[in-house]
Amino acid sequence: MATTEQQSLLRSLPQVEELLHHAHVTPLEKDLPRVSIVETVRAVINDARQGILAGAVTCVDADALAAQVHLRGLALRRASLRRVVNASGVIIHTNLGRSVLAKPAVDAVNDVARGYSTLEYSTDAMARGSRHDHCEQLICTLTGAEAAIAVNNNAAAVMMVLAEFAQGHEAVVSRGEQVEIGGSFRIPDIMAQSHATMVEVGATNKTHPIDYERALSPATSMLLKVHTSNYRMIGFTESVSIKELRHIADAENARRDAAAQAAGRPGSADRVMVYEDQGSGAFIRLDCFGEYAEPTVAESVKQGVDLVSFSGDKLLGGPQAGIVVGRKEFIDRLKKNPLARAMRLDKMTLAALEATLRLYLDPERALREIPTLAMLSTPADQIRPRAEALAAAIQATLPQGCAEVTVVPEISRAGGGALPMCDIPTFVARVRFLQGTALDCNRHLISERDLPVIGRLSHDTLLFDARTLLNTDEYKEVALALAEYFSTLI
Ligand SMILES: *Cc1c(COP(=O)(O)O)cnc(C)c1O
């Protein structure tokens, strides 16, 4: 039961009509349909009613309620999926959309989105074509593989490969490679989903060739290697290379052929394949990371994998995609798998992927123009003047005595489960608060703006890493956002 005080508060709540005509609310009519405004007004009044009944609201102020309607109305107007300024220093930030597309990729998307396209049309044959054809030759040229297919993402690619080649069979995988990647993608779960039997071998830190050899059975169809892209084991560790897995598979296939021939058949149809889930998908070895540089797809192909799969939006720096490359006979089977149809790429992704791959034909150009590669490979001494320009832009808009801005050395991260051991030296603009707090400012920068600015909280300061800022307009946006925050304090 409401107390008499609560009842009087409830009675003093404004009517819907009253708020609709309030000076804070009427400007919303410019951008929002009336139904949305009415709904927002009702929601604000209802929240106030609940607050009164819960004892959390002890006075009613129509102006304050109207201001709430105004704020919620502005938020409604915003697209949910929208651009952000990433000053976090995490380059392949999965929550922020992983790789930023290169300009030619953006243009290609724009082009096919605005009009009809050759998505499944061959202008040579003047007849129906295949959407698989747009990128396949490029991927083969760049990786040395015989054939390739691209689907929605690498998780989809792994699932498709296991379903096609390990369903009802055994796939052997090292215990040291039982990884979980980016929430809810776990090798054992994907195995179960694909009706493959997982045979785990070795210990967490060490697996030897003999472990794989002992695990072989007539039901074995795959030796699976999972690149532990998002963590590194250090200390006494050993894993089995692609080359060694190739030898083991070849020897087993030769034994099966010999046994079949002894039984009067020409050879065995049951093969053991070597498949690597490589994950990060580097096309260029980033020598700046020395021994920690991720192996490239071409290296895996050269070492003798039958198939290798990887993401399009990690180290490749393209759109979200999962690419499988390898032996033609196996890729041809994947192309016919119904999962390839269910998880196929749309025209915009294909356009972005093809344009990104074309940049790799000139590796120097790829390093310059693909933002992920450029951000990863720019040395700290070239980031420093950018951090200084950023700090200067912040200084220029900062009201006197609000904060101290300095340029300090810091660490950027590759993110996206790539290069986990690599500290990438960088320079950031560090803001120390004389008024307000870093925590409060961070909330303003992220939650209160149409264009959120994502920095990094560190010991009561906010850091803005120049490495992941795309241009000077973004420096100005960081400065503007900070100035806005300080203006809310006065
Ligand atoms: C990232 C990753 C995946 C998942 O790829 P998505 O493109 O995010 O679906 C799978 N395996 C490995 C080894 C990875 O690094």
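Residues numbered from 1 in each chain as written. Predicted model: local features only at pLDDT ≥ 70, side-chain atom pairs only at ≥ 80, totals over all residues. Heavy atoms only, no water.

Draft legend 1. How the structure looks around the state of the cysteines. This model, assessed by the stated rule, comprises zero disulfides. Cysteine Cys140 remains unbridged, with the sulfur of Cys135 as its closest cysteine sulfur at 11 Å. On the basis of relative accessibility, which here comes to 9%, the residue Cys140 falls in the buried class. Cys422 forms no disulfide, and the closest cysteine sulfur to it belongs to Cys288, at a distance of 8.2 Å. The exposure class of Cys422 is buried, given its relative accessible area of 4%. (Disulfide = S-S within 2.5 Å. Buried < 20%, exposed > 50% of the residue type's maximum accessible area, 1.4 Å probe, protein only.)

Draft legend 2. Here's a closer look at the sheet that holds strand β12 (residues 403–415). Within the open sheet, the five strands sit side by side as β2-β12-β13-β16-β15. Their pairing is mixed. Edge positions in the sheet fall to β2 (90–92) and β15 (456–458), since each has one partner strand and no second. Each neighbouring strand pair of the sheet contributes to a mean axis angle of 35°, computed without reference to strand direction. Examined bridge by bridge, β2 and β12 share two bridges and lie parallel to one another. Bridge pairing links Ile92 to Gly415 in β12. Relative to strand β16 (residues 461–465), helix α18 (residues 438–447) is tilted by about 45°, and along the sheet it contacts β13 (424–433), β15 and β16. (Pairing = 2+ DSSP bridges. Helix = DSSP H or I, 4+ residues; strand = E, 2+ residues; numbered from the N terminus. Axes fitted to C-alpha atoms, helices over the stretch in contact; angles between N-to-C directions. Contact = heavy atoms within 4.5 Å.)

Draft legend 3. Local environment of the pattern of salt bridges. Taken as a whole and judged by the stated rule, the model has 35 salt bridges. Of the charged contacts in the structure, one is a salt bridge between Lys225 and Glu177, with a shortest N-O distance of 3.0 Å. Of this pair, Lys225 sits in strand β8 (residues 220–226) while Glu177 sits in the loop between β6 (170–174) and α8 (187–193), and the two are 48 residues apart along the sequence. Exposure remark for Glu177: the relative accessible area of 5% places this residue in the buried category. Close ionic contact of Asp257 with Arg271 constitutes a salt bridge, the shortest N to O distance being 3.0 Å. (Salt bridge = Lys/Arg side-chain N within 4 Å of Asp/Glu carboxyl O.)

Draft legend 4. Helix α3 (residues 34–53), seen in detail. Given a rise of 1.5 Å per residue, 20 residues ought to cover 28 Å, and the 29 Å separating the end C-alpha atoms of α3 matches this to within 8%. At its buried positions, α3 is contacted by α1 (4–11), α2 (16–20) and α4 (62–77). Count one or two residues on from α3 and you reach Gly55, which has phi positive near 80°. (Expected span 1.5 Å × (residues − 1).)

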